Amino acid sequence: MRILVVNPNTTASMTEKIGRAAKRVASEGTEILAVNSAHGPASIEGFYDEAMSLAGMLAVIRETKDFDAVVIACFDDTGLDAARCLTDKPVIGIGEAAYHIASMISNKFSVVTTLARSVPALEHNLHRYGLIARCSRVRSSEVAVLELEHAGSDACNRISAEIGRAVAEDRAEAIVLGCAGMADLADALAKEHGLPVLDGVSCAVGLAEAMVRLRILTSRLGGYSPRPAHKML
């Protein structure tokens, strides 16, 4: 099978990291095609960036013809509903995937994301997915997304400190990392803190593979019905 992993921002180094994370968990025989938008913000931190990224991300999906599933590699699940109108193949957001898996391995989980302005969008999604009651708190580490691309940054230490506070203050039993750029940190942080630390890219790839094997397609009725051809750009 072939999974299209779309980074809605334009930062190629982050796309490469996301691609490595996806390939690390993909089954033998699964091809990962990791691409980023040609147009849009360099990082997505809040509602405005999300809106500015939509056209470029949807163009990637629309113009890529050969795939069995799509993973949207932005933790805000940018354009998830719109993308499902473009194809009947499974489309999975990394935030959605990580939340659902966290809810199956813990009674309560906390999310550790980047900047405070990203928190409301994630809380909105948790409400929309019906999982807000399972989430103790969405925490900001005050690490900018692009800091995660700099080897000399102390971003990992600040994220780790926030995880420590989530365990102590929220009684979190699992942690969801709230940014695709954190994909390479999950294993080390899980070992350090002694609890599951979930990377949404890995979760989404695993779910995408399962849905393809089960031959599950996106409903074409109601909200996810295809856009009429005369409205296509």
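Residues numbered from 1 in each chain as written. Predicted model: local features only at pLDDT ≥ 70, side-chain atom pairs only at ≥ 80, totals over all residues. Heavy atoms only, no water.

Quick word on the packing of aromatic side chains
Each aromatic ring pair is described using two quantities: the centre-to-centre distance and the angle formed by the ring planes. Defined as follows: Between 30 and 60 degrees the pair is tilted, below 30 it is stacked and above 60 it is edge-to-face, where a pair is any two Phe, Tyr or Trp rings, Trp via its six-membered ring, whose centres lie within 6.5 Å. Under the DSSP-based scheme used, a helix requires at least four consecutive residues in state H or I and a strand at least two consecutive residues in state E, with every element numbered from the N terminus. Burial classes follow relative accessibility: with a 1.4 Å probe on protein chains only, a residue under 20% of its type's maximum area counts as buried, one over 50% as exposed, and anything between as partly exposed. Distance and angle both matter: a charge sits over a ring if NZ of Lys or CZ of Arg is within 6 Å of the ring centre and within 35 degrees of the ring normal.
Counted by the stated rule, this structure contains three aromatic pairs. When the centroid spacing of 6.2 Å and the interplanar angle of 20 degrees are considered together, the rings of Tyr99 and Phe109 count as stacked. Residue Tyr99 is found in helix H4 (residues 94–105), and its partner Phe109 is found in strand E5 (residues 109–113); the two are separated by 10 residues along the sequence. Since its relative accessible area comes to 0%, Tyr99 is described here as buried. Grouped by ring-pair contacts, the aromatic residues Phe75, Tyr99, Phe109 and Tyr129 constitute a single cluster. Here the guanidinium or amino end of Lys89 rests over the ring plane of Phe67, the centre of that ring lying 5.5 Å away.

Quick look at the sheet that holds strand E1 (residues 2–7)
The test is simple: DSSP bridges decide pairing: two strands pair if at least two such bridges lie between them. Lines fitted to the C-alpha atoms define the axes, with helices restricted to the stretch that makes contact. Angles between their N-to-C directions range from 0 to 180 degrees. It only takes one pair of heavy atoms within 4.5 Å for two residues to be counted as in contact.
Pairing within the open sheet is parallel, and its four strands lie in the order E2-E1-E3-E4. Unpaired on one side and paired on the other, strand E2 (31–36) and strand E4 (91–93) mark the two borders of the sheet. Within this sheet the neighbouring strands show an average axis-to-axis angle of 20 degrees, counted without direction. Seen against the sheet, helix H2 (residues 47–63) touches E1, E2 and strand E3 (69–72) and runs at an angle of roughly 165 degrees to E1.

Notes on the pairing of strand E6 (residues 135–140)
Selection rule: If the strands point away from the viewer and the path from the first strand over the helix to the second runs clockwise, then the crossover is right-handed.
The sheet contact formed by E5 and E6 spans five bridges and is parallel. Looking across to E6, one finds that Val112 is bridged to Arg139. The parallel pair E5 and E6 is bridged by helix H5 (residues 119–128), and the resulting crossover is right-handed.

Focus: the sheet that holds strand E8 (residues 197–199)
Strand order in the open sheet formed by four strands is E6-E5-E7-E8, and the pairing between neighbours is parallel. Of all the strands in the sheet, just E6 and E8 have a single pairing partner and so form its edges. Strand-to-strand twist of the sheet, defined as the mean angle between neighbouring strand axes without regard to direction, takes the value 25 degrees. Here H5 sits on the sheet and contacts E5 and E6; the angle it forms with E6, its principal contact strand, is near 160 degrees. Along the sheet, helix H6 (residues 155–170) contacts E5, E6 and strand E7 (174–178); its crossing angle with E6, the most-contacted strand, is approximately 150 degrees.

A short note on the nonpolar core
Note the threshold: What we call a nonpolar core is a set of buried Ala, Val, Leu, Ile, Met, Phe, Trp, Tyr and Cys residues that are connected through their side-chain atoms within 4.5 Å.
Residues Tyr99, Phe109, Val111, Ile159, Ile175, Val176 and Leu177 are the most contacted members of the largest nonpolar core, which totals 67 residues. Among residues more than four places away in sequence, those in contact with Val111 are Phe75, Tyr99, Leu122, Cys135, Arg137, Val138, Arg139, Val176 and Gly178.

Points about unusual backbone geometry
Backbone geometry follows two general trends: most residues other than glycine have a negative phi, and most peptide bonds adopt the trans configuration. Of note in the backbone geometry, Glu142 takes a positive phi value of approximately 55 degrees without being a glycine. Within the secondary structure, Glu142 sits in the loop between E6 and H6. A positive phi angle, close to 60 degrees, is found at Arg215, a residue other than glycine. The exposure class assigned to Arg215 is exposed, which follows from its relative accessible area of 76%.

Focus on the environment of Arg158
Looking at the element boundaries, Arg158 is found in helix H6. The class of Arg158 is partly exposed, set by a relative accessible area of 24%. What Arg158 contacts, discounting residues up to four positions off in sequence, is Ser141, Glu142, Val143 and Glu147.

Overview of the packing of helix H1 (residues 12–25) against helix H8 (residues 200–213)
Worth spelling out the cut-off: Any angle between 65 and 115 degrees counts as roughly perpendicular, while under 35 counts as roughly parallel, over 145 as roughly antiparallel, and the rest as oblique. A crossing counts as left-handed when the near helix is turned anticlockwise from the far one by less than a right angle, and as right-handed when that turn is clockwise. Under the scheme applied, nonpolar residues are Ala, Val, Leu, Ile, Met, Phe, Trp, Tyr, Cys and Pro; charged residues are Asp, Glu, Lys and Arg; polar residues are all the others, including Gly.
In the contact formed by H1 and H8, the axes pass within 9 Å of each other and the chain directions differ by 50 degrees. As far as their axial angle goes, H8 and H1 are oblique. With respect to the hand of their crossing, H1 and H8 are arranged in right-handed fashion. Residue-level contacts link Ile18, Ala21, Ala22 and Val25 of H1 to Val201, Ser202, Val205 and Glu209 of H8. By residue class, the composition of the contact of H1 with H8 is six nonpolar, one polar and one charged.

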